[in-house]
Every structure is written in C-alpha cells, then in structure tokens.
Amino acid sequence: AMQLMSTAEAQQKTNPEDIKEKMQWFADAKLGIFIHWGIYSVNGIDESWSFHNKKIAYPDYMQQLKGFTANNYNPQAWADLIKESGARYAVMTTKHHDGVALWDSKYSKLDVANSTPAKRDVLTPFYAALRRDSIKCGAYFSLIDWSHNDYPQFLKDSNRYDIKVHPEKWQRFLKFYEGQMEEVMTKFNPDLWWFDGDWEHSAEEWEAPKMRKMLTTHNPNTIINGRLQGYGDYETPEQNFPVSRPKYHWWELCMTINNNWGWQPQDTNWKTPFEIITIFVDAVANGGNLLLDIGPKADGTIPEEEVHMLKELGAWNQRNGEGIFNTIGGIPQGHFYGPTTMSKDSSTLYLFLPARTSGPVMVKGLSNKIESITVLGNGSQLTHKVVGKISWSPVPGLVYIDVPENVQDKYVTVLKVKLDK
Ligand code: FHN
C-alpha cells in the first residue's frame, strides 16, 4: 500500500507581526551555508554523537583535541567561497553537544584556543571576514553540553542526576551555559542564533524566555531559530524536505551535501549539483530558505566536493538568481508541475523546470495576458500559445510555452514570465 509521510507540526510562540521587520533580510536571503567544524573532524567521526552512542570512549574522543591544528585555515577564503555560492548568511558551530568551544572561553578550558594546537579563537577572524563580504553572521550554539560536570546527561561516566533532586547542580549548569551564550553574544553579536539540542529539557528548564530576552535586548534585530522550545522566530526542518509548508511563518531547510554534518572521509554519498539545486528551488518556491552544510577538515581545508558544489551553485545563481533572490513563494502547485516564485509586486512569475524538457511546458489557470517570456541566464525569448480560451468565457485557457532544448540550463532552467498589469 502507499505510505505517505508529511511534516511534524511545530507551533511558533512568537507573533509573526511583531518580528516581520527584522525577518526581512532572512526572507530575502534564500541561501545560507551551515558549517560543522570541530574536533570530530580530526578522526572524521560523528560530531558528539560518536561518544554519546558509545562508538568511541569519551577520553578517546577528546584525544582529538590534540589533532585540531587549523593549519590551513583561511577564514577569508571561506567567506569568499560562501559569497561566491550566492549565500547571504552563514551559520558556524560555535559549540556542539561535545562542549568544545571554538572561541576562547573564560568559562571553560575546553576550547580550541586553550586545548588544541590551533591555539586560537577561530571564530573572530571568520565572523570578521563574513562581515567584510556583507554576509550575515549566524552562531550555532548547542544547548546540550555533554562534557559539563553539572549537565544531567553527563556522559564521561554514569553521573546522571535528576534536576528536581539536585536543583543546585542544574543552577550551576545554567550559569555556565548562560555565561557562554553571553560570551558569544558580546564577542560576535550574531545576526542569527541557531540553537540546537533543546529536546533534552523543557522551555522552563532552559529558561528559554529569559535567554530570548537577553539576546534580543542586546540586539533587537537578532533572529533566533525555533529550537529554543518554540521561543524562536523561524522553523528548521532537517534533512528531509518538508512535504507541506511548515507551520512557522518563516522557515529554513537544513541539509547536508553527503550524509554527514562534519567531515567524514568514508562518506562519498555526495548529492549532485542538480539534486541540491532542485531542493533549493523547491524550498524557495515554498517560501523557505536552504541552509546547506559543509564540514571542513581539522586543518581548515574545505573538501573539494563541497567547494565544487558551492561554486556550481554560485554559477547557477549568477545565471538564475533573479528568480530566487528578493522573490516570494510562487503560485499553488496545481498551476504548474514545477516550483514557481514571484516578484514582490507579482508582475513577474518565474517557472522552474526541474527536468530537461523536449516539449512545451504548460501553465493552467493564468488569467493575465503574458507580455513576454525569457530564459534567465541567456535572455532567449520564448513563444507561447493559449489553447482552449473561449472569447465569451472568463476561463483563461491553457498556456503552452515552447522551450527549445538549446536554451535550457545545464541544471534547472528558469523562465521569466512578464505579465501585463
Ligand atoms: O544533533 C545535531 C546534529 O549533530 C547536527 O548538528 C544537526 C544539525 O541540524 N542538529 C542536531 C540534530 O537535530
């Protein structure tokens, strides 16, 4: 029998009307680059989960600190590559569930500045480079800290405890976690906070409203993802494309290029540029963004497959970005068998062809007259005909657009349909 899966429901606790203005850049951004960089890239194993799932002993996992050199780390080259991809924001792991901070933290020695041969805060130069390239700065911050002595799910040994029995321990952890969050806030003033790991505790236990208040008081324009037990501004479905539009007003699909967030050399299951671009346009057509992940190696080298992907994406955006950036989600699916977007004034419709076509493509139920149809990237003018239009009836008829094979994009072709007012 057919088995269909749709998306989990999430409820936004913030009022879209109150945050509309600060969300504008995010709504227009469409593409962000996610970066999972940490000591897990030394052995090329699962970020944090490898010791959590007992695939490696905790002390052995932490041995990786010794191999985190950042020898070839070139933050400006990272930022420039991100810029080249067409992305408007980047989200960097400031601290994953393993508790290893990528900045120089006064609250813990477990950071790359004090405990690795890199011997420096690697975030400051990266955020500076992003800002030079006018890319918005996002900070991934794990609420969970599986290395901290006062964290209840502490995994170095079986030191688990019940918060209700030992509230003083939880209070100590909260002080630490809020302190580190404040450090990231004052050092980098993120344009966007990307929390993760909220599932281990309730909004009350995380003091989610208080944290939100602290961050938005410091920077009223900062954007917070929904993984703060709902006290955020937008939703972040992960890996699987949501079948229907998520419930939050704003959303972003986060996705890996192979199957892993961090660098793992055995994972060669790379998605193709065609696959990534079709996912990207599908997200944008449904009013969302794509946050595409890369996992640099421990020395700071970005794997060549990821470099290639970002460059191909960038070249495609150069040709077709007009149909992506500063647009809004398109018309309901039933009108056209591919994704669509619209200019904000709805005078132009962009049709995306998710596959090469040898025949004309059809649009249903379009009452406007068409002024012109051009192919983005090469400017070819296309002809169309309307069939089934009866002069005395308001029913619009079917529009057939001729798309010769030689004008089609190597990945996804975008047709710009100008409508008369
Ligand atoms: O547990 C993490 C995982 O390691 C990775 O960081 C992803 C990225 O969205 N988030 C968590 C799972 O939701």
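Residues numbered from 1 in each chain as written. Predicted model: local features only at pLDDT ≥ 70, side-chain atom pairs only at ≥ 80, totals over all residues.

The protein is annotated in an unreviewed UniProt entry as alpha-L-fucosidase from Chitinophaga arvensicola. Checking UniProt for the protein, the heading Function (unreviewed entry) contains the comment "Alpha-L-fucosidase is responsible for hydrolyzing the alpha-1,6-linked fucose joined to the reducing-end N-acetylglucosamine of the carbohydrate moieties of glycoproteins." A UniProt comment under Sequence similarities (unreviewed entry) is attached to the protein, and it reads "Belongs to the glycosyl hydrolase 29 family." (UniProt positions renumbered as here; feature names shortened; annotations may be inferred.)

**Q** So what about the overall build of the protein? Which residues, and what values?
**A** For the protein, the helix and strand inventory stands at 13 helices and 15 strands. A compact globule built from 421 residues would reach a C-alpha radius of gyration of about 22 Å, and the protein, at 24 Å, matches this within 12%. Across its three principal directions, the C-alpha atoms of the protein cover 80 × 50 × 40 Å. Counting over 421 residues, the protein shows a buried share of 43%. Sequence separation of 24 or more characterises 70% of the internal contacts of the protein that already satisfy a separation of 6 or more. (Helix = DSSP H or I, 4+ residues; strand = E, 2+ residues; numbered from the N terminus. Rg over C-alpha atoms; globule rule 2.2 N^0.38 Å. Buried ≥ 20, exposed ≤ 12 C-beta atoms within 10 Å, placed from the backbone. Contact = placed C-beta atoms within 7 Å.)

**Q** Can you tell me about the domain arrangement of the protein, naming the residues and giving the values?
**A** Per the domain assignment, the segments of the protein are domain 1 (16-327) and domain 2 (330-419). Of all the elements in the fold, those that place two or more residues in the side of domain 1 that touches domain 2 are α12 (273-285) and α13 (304-320). For the side of domain 1 that touches domain 2, the element with the highest residue contribution is α12, accounting for eight residues. Residues that form the side of domain 1 that touches domain 2 fall into these classes: eight nonpolar, five polar and three charged. (Domains from an automatic or database assignment. Nonpolar A, V, L, I, M, F, W, Y, C, P; charged D, E, K, R; others polar.)

**Q** Please give an account of the UniProt feature "site: May be important for catalysis" (unreviewed entry) in the protein that cites residues and values.
**A** Those places that UniProt annotates as "site: May be important for catalysis" (unreviewed entry) correspond, in this numbering, to C254. By the element assignment, C254 lies in strand β6 (residues 252-256). The exposure class of C254 is buried, given the 21 C-beta atoms found within 10 Å. Leaving out residues up to four positions away in the same chain, C254 has contacts with F34, T236, E238, L291 and D293.

**Q** Which residues make up the nonpolar core, and what are the values?
**A** Core analysis: the largest hydrophobic core is formed by 103 residues, its most contacted members being A90, V91 and F126. Both domain 1 (16-327) and domain 2 (330-419) contribute no fewer than three residues apiece to this core. Each residue touching F126, except ones within four places of it in the same chain, is listed here: P75, W78, A79 and M92. (Core = buried A, V, L, I, M, F, W, Y, C linked by C-beta atoms within 7 Å.)

**Q** Break down helix α11 (residues 208-218) for me, citing the residues and quoting the values.
**A** Taken together, the buried positions of α11 are A208, M211, R212 and L215. What you see down the axis of α11 is that its buried residues fit within an arc of 100°, all on one side. Residues of α11 that are exposed and point over 90 degrees away from its buried face: K213 and T217. Looking at the buried positions of α11, the neighbouring elements they touch are α9 (167-188), β4 (192-196), α10 (203-206) and β5 (223-224). (Arc of directions from axis to C-beta.)

**Q** Describe in detail the packing of helix α6 (residues 75-85) against α13, supporting the description with residues and values.
**A** At a closest axis distance of 7 Å, the pairing of α6 and α13 adopts a crossing angle of 40°. By the angle class used here, α6 and α13 are oblique. Together, L81, E84 and S85 of α6 and V307, L310, K311, L313 and G314 of α13 make up the contact between the two elements. In the contact of α6 with α13, the residues fall into four nonpolar, two polar and two charged. (Axes fitted to C-alpha atoms, helices over the stretch in contact; angles between N-to-C directions. Parallel < 35°, antiparallel > 145°, perpendicular 65-115°, else oblique.)

**Q** So what's going on with the site of the ligand? Which residues, and what values?
**A** In the vicinity of the ligand, the residues found are E47, W49, D196, E238, C254 and W261. Along the lines of polarity and charge, the residues of the shell around the ligand split into three nonpolar, no polar and three charged. (Near = placed C-beta within 6 Å.)

**Q** I'd like a rundown of the confidence of the model for the protein, residues and numbers included.
**A** Mean pLDDT over the protein works out to 94, with 95% of the residues at or above the 70 mark. Predicted as a complex, the structure gets a pTM of 0.96 and an ipTM equal to 0.98. (pLDDT = per-residue confidence, 0-100.)

**Q** Mind laying out the pairing of β4, listing which residues take part and the relevant values?
**A** Counting buried residues along β4, five of its five residues qualify, which places the element largely inside the surrounding structure. Note that strand β3 (residues 136-142) and β4 share five bridges and pair parallel. Paired with A139 across the bridge in β4 is W193. (Pairing = 2+ DSSP bridges.)

**Q** Which residues make up helix α8 (residues 123-132), and what values go with them?
**A** Residues lying three or four places apart along an α-helix face the same way, a consequence of the helix completing one turn every 3.6 residues. Considered for burial, the residues of α8 that qualify are L123, F126, Y127, A129 and L130. Looking straight down α8, one finds that the buried residues subtend no more than 160° of arc, so they occupy a single side. Residues of α8 that are buried make contact with α6, β2 (89-95), β3 and α9. Immediately beyond the C-terminal end of α8, within one or two residues, lies S134, with a positive phi of roughly 55°.

**Q** Report on unusual backbone geometry, specifying residues and quantitative values.
**A** Its identity as a non-glycine residue notwithstanding, S48 has a phi of 55°, on the positive side. With respect to the helices and strands, S48 occurs in the loop between α3 (40-43) and α4 (49-52). Under the C-beta neighbour-count criterion, S48 is labelled buried, with 26 such atoms within 10 Å. Non-glycine residue S134 carries a positive phi angle of around 55°. Relative to the assigned elements, S134 resides in the loop between α8 and β3.

**Q** With reference to specific residues and values, describe the sheet that holds strand β10 (residues 348-353).
**A** Across a sheet, strands are paired by hydrogen bonds formed along the backbone, either parallel or antiparallel in direction. Sheet architecture is open: five strands sit in the order β8-β9-β10-β15-β12, paired in antiparallel fashion. In the strand order of this sheet, the two ends are held by β8 (327-329) and β12 (370-375), each with one partner. For this sheet, the mean inter-axis angle between neighbouring strands, taken without regard to orientation, is 25°. On top of the sheet, α12 reaches β8, β9 (340-343) and β10; it is set at about 50° to β9, its chief contact.

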